[in-house]
Number of protein chains: 2
Amino acid sequence: MTTEDRIKKTALTLFLEKGFERTSIRDIALKAKINIALLNYYFRSKENLFNSIFSGLLEKYTPTLNGILGSSLPIEEKIHLYVEEYIDILLENPKLTYFVLSVLHRNPDKITQMKIFQSLYNTGDFSKQFAEEVRKGNIKDVDPTQFFINMLSLITFPFTIKQVIMEKNHMNEDTFEQFMHQRKQVITDMLLLTIKK
Amino acid sequence: MTTEDRIKKTALTLFLEKGFERTSIRDIALKAKINIALLNYYFRSKENLFNSIFSGLLEKYTPTLNGILGSSLPIEEKIHLYVEEYIDILLENPKLTYFVLSVLHRNPDKITQMKIFQSLYNTGDFSKQFAEEVRKGNIKDVDPTQFFINMLSLITFPFTIKQVIMEKNHMNEDTFEQFMHQRKQVITDMLLLTIKK
DNA sequence: AATTATTTTAAACAAACGTTTAAAACAATA
DNA sequence: TATTGTTTTAAACGTTTGTTTAAAATAATT
């Protein structure tokens, strides 16, 4: 692995664990076993390093999800697949949701938000299909925006309070994972129930 | 207003707006028009000031919500009231959810989490009643834990991505508030639908 | 083998941070 | 009015922060 990649990998781990502000470039350098100056040699600044990492994350995970939403599958199938895939991604990367939220709140300017939610909140195709199904009378007359937010909330929010859920319900890592697998069905059933006539 | 209260009020505004790390005690002192040393005179440290503010917030908002959950109302009524009250609270304080999440992630030790979720995730009474209704055959056999997480997710998560929702759907503050008022009914209907036999 | 380009290093930079000091200003008490 | 207690002030403290410098080490090129 190149020095550049080792920096990125180490930095990501620390950013996920402790957040941007509480991770110093000395923390990163120490853990990656590199000189501090190399951080500014490869990336111009800490902020730049972060953005590079974050872009990489979006590029890694969004194509699959947006692929599902943009496909030509029937809407029920899309919902089912989307829920399953999204939860699988978050099970592999449980801190991802809070990570994205922290970016959103640290960087409230519109351009940044645009980029993020154009990837992560890509409702365009889905909403059109949803509205069309409503028009055809195939599903109940539900607001597509409300529906998409429901889906997003049910999938992602539990991961932001993972530790709370675990402690409150006496779970370990394994039982939490099991709980989330069950949750795929819970969420899908719930969502389909609200649109089924 | 006393100096102590002016510090707390100003600090809360800044903590909500920029977060703990990005708010310096000099920012607070400047905005509250007080000397920096007064901060350590009234509160021993920045961390202590924060905890004092956070405790105050929990004491302010949790009694109402836990009062609903702990009441002797029928479960459908509880759900309805809880959703309405919680959304009203968050409409008054839209950054509260992310604020709580940031505390959870900054302070991952168990004792802190206990205190927070004993207030904010007080499922004890509710889960018992829920399980009892299932046993009696009054509602569908749904996992109380999953149900409570559904409710919490649907209510709180949208506020953590408020800016994204607004920009994506061309909303202003008023239309967002309207959207959230509609959402009370959306969420209640959805939750009742999943348990109604 | 000599030269150029790239990568890594140790050391220092200025700025910002939370915190503390000790004296001054003010209020309350006797 | 003199004295005690409380509140506020200006200034400085030692650390830590992200960043930069300039030289050394290594790799690539001719």
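Below is a short write-up of the structure. (Residues numbered from 1 in each chain as written. Chains lettered and ligands numbered in written order. Predicted model: local features only at pLDDT ≥ 70, side-chain atom pairs only at ≥ 80, totals over all residues. Heavy atoms only, no water.)

**Describing the overall build of chain A**
Definition in use: Numbering of helices and strands runs from the N terminus; a helix is a DSSP stretch of H or I covering at least four residues, while a strand is a stretch of E covering at least two. Relative accessibility thresholds used throughout: buried, under 20% of the residue-type maximum; exposed, over 50%; partly exposed, between the two (1.4 Å probe, protein chains only). Whether two residues are in contact is decided by their heavy atoms: any pair within 4.5 Å suffices. All accessible-area figures derive from a Shrake-Rupley calculation using a 1.4 Å probe, and residue coverage is judged against the displayed protein chains alone. In this charge count, Lys and Arg are treated as positive and Asp and Glu as negative; neither His nor the chain ends contribute. Charge positions are represented by NZ for Lys, CZ for Arg, CG for Asp and CD for Glu.
From N to C terminus, chain A includes 11 helices and zero strands. Walking chain A from its N terminus toward its C terminus, one meets helices and strands in the order α-α-α-α-α-α-α-α-α-α-α. Its C-alpha atoms give chain A principal-axis dimensions of roughly 65 × 40 × 30 Å. Looking at chain A residue by residue over its 197 residues, the buried ones come to 49%. Excluding contacts between residues fewer than 6 apart, the proportion of contacts in chain A whose partners are at least 24 apart in sequence is 67%. Just so you have it, chain A exposes about 9,500 Å², and 51% of that area is on carbon and sulfur atoms. Side chains of chain A give 26 positive and 24 negative charges; the mean places of these two sets differ by 5 Å.

**Side note on the packing of aromatic side chains**
All names here are of chain A. Going by this rule: Whether two aromatic rings pair depends on their centres lying within 6.5 Å, for rings of Phe, Tyr and Trp, where Trp uses its six-membered ring; planes under 30 degrees apart make the pair stacked, over 60 edge-to-face, and the rest tilted. Over a ring means this: the NZ of a Lys or the CZ of an Arg is within 6 Å of the ring centre and within 35 degrees of the ring normal.
Following the criterion strictly, the structure yields 30 aromatic pairs over all chains and no others. On the numbers, 5.1 Å between centres and 70 degrees between planes, the contact of Phe15 with Phe50 is edge-to-face. Residue Phe15 is located in helix α1 (residues 3-18), and its partner Phe50 is located in helix α4 (residues 46-70); the two are separated by 35 residues in the primary sequence. Of the two residues, Phe15 and Phe50, both sit in the buried class. Relative to Phe130, the ring of Phe126 lies with its centre 6.0 Å away and its plane at 40 degrees, an arrangement referred to as tilted. Residue Phe126 and its partner Phe130 are both found in helix α8 (residues 124-136); the two are separated by four residues, about one turn of the helix. There is no split in this pair, since Phe126 and Phe130 are both buried. Three or more aromatic residues link up through ring pairs in this structure, and these residues are Tyr82, Tyr86, Phe126, Phe130, Phe147 and Phe148. The ring of Phe20 has Lys46 sitting right over it, with the charged end atom 4.3 Å from the ring centre.

**Concerning α8(A)**
Residue and element names in this part refer to chain A. In plain terms, the rule: In this scheme, a helix's expected span is set at 1.5 Å multiplied by one less than its residue total. It is the directions from the helix axis to the C-beta atoms that the arc portrays.
Relative to the 18 Å expected for 13 residues at 1.5 Å per residue, α8 spans 19 Å between its end C-alpha atoms, a close match to the ideal helical length. Residues of α8 that are buried include every one of Phe126, Ser127, Gln129, Phe130, Glu133 and Val134, and no others. Along α8, the residues classed as buried sweep out an arc of 165 degrees about the axis, all on the same side. Facing away from the buried side of α8, by more than 90 degrees, are the exposed residues Lys128 and Arg135. Positive phi appears at Gly137, one or two residues downstream of α8, with a value of about 85 degrees.

**A look at the interface of chain A and chain B**
Short version of the rule: Just to be clear on terms, a salt bridge is a Lys or Arg side-chain nitrogen sitting within 4 Å of an Asp or Glu carboxyl oxygen.
Contacts between the two partners involve 43 residues from chain A, matched on the other side by 43 residues from chain B. At the surface where chain A touches chain B, the tally comes to two salt bridges. One salt bridge connects Arg22(B) with Glu21(A), and the closest N-O pair in it is separated by 3.9 Å. Going through the elements one at a time, α6 (96-106), α7 (110-120), α9 (144-160), α10 (162-168) and α11 (173-195) of chain A are the ones with two or more residues in the side of chain A that touches chain B. A per-element tally of the side of chain A that touches chain B places α9(A) first, with 11 residues.

**A closer look at the relation of the copies chain A and chain B**
Going by this rule: Here the copies were fitted onto each other by least squares, based on C-alpha atoms from residues at pLDDT of at least 70 in both.
Each copy superposes on the other: chain A lies on chain B with an RMSD of 0.0 Å after a rotation of 180 degrees and an axial shift of 0.0 Å. Within this description, the copies of the chain are treated as partners about a two-fold rotation axis. Measuring from the rotation axis to each C-alpha of chain A, the shortest distance belongs to Ser153(A), at 2.7 Å. Taken as a fraction of all interface residues of chain A, those also at the interface in chain B reach 100%, which identifies the copy contact as same-surface.

**With respect to the nonpolar core**
A general trend in soluble globular proteins is that nonpolar side chains are found buried together. Keep this limit in mind: Only buried Ala, Val, Leu, Ile, Met, Phe, Trp, Tyr and Cys residues count toward a nonpolar core, and they belong to the same one when joined by side-chain atoms within 4.5 Å.
The biggest cluster of nonpolar side chains holds 138 residues, and the ones touching the most others in it are Ile79(A), Tyr82(A), Met151(A), Ile79(B), Tyr82(B) and Met151(B). If we skip the residues at most four places from it in the chain, Met151(B) touches Ile79(B), Tyr82(B), Val83(B), Phe126(B) and Leu191(B).

**Concerning the packing of α9(A) against α11(A)**
Residue and element names in this part refer to chain A. Heads up, the rule is: Lines fitted to C-alpha atoms define the axes here, with helix axes fitted over just the stretch in contact, and angles between the N-to-C directions of these axes take values from 0 to 180 degrees. Oblique is the label for any angle not covered by the other classes, which are roughly parallel (under 35 degrees), roughly antiparallel (over 145) and roughly perpendicular (65 to 115). Put simply, Ala, Val, Leu, Ile, Met, Phe, Trp, Tyr, Cys and Pro go in the nonpolar bin, Asp, Glu, Lys and Arg in the charged bin, and everything else, Gly too, in the polar bin.
Between α9 and α11, the least distance of the axes is 11 Å, while the angle of their chain directions is 170 degrees. For the element pair α9 / α11, the angle class is roughly antiparallel. Facing Phe147, Asn150, Met151, Leu154, Ile155, Pro158 and Phe159 of α9, the residues of α11 in contact are Phe176, Met180, Arg183, Ile187, Met190, Leu191, Thr194 and Ile195. Looking at the contact of α9 with α11 residue by residue, the classes come out as 12 nonpolar, two polar and one charged.

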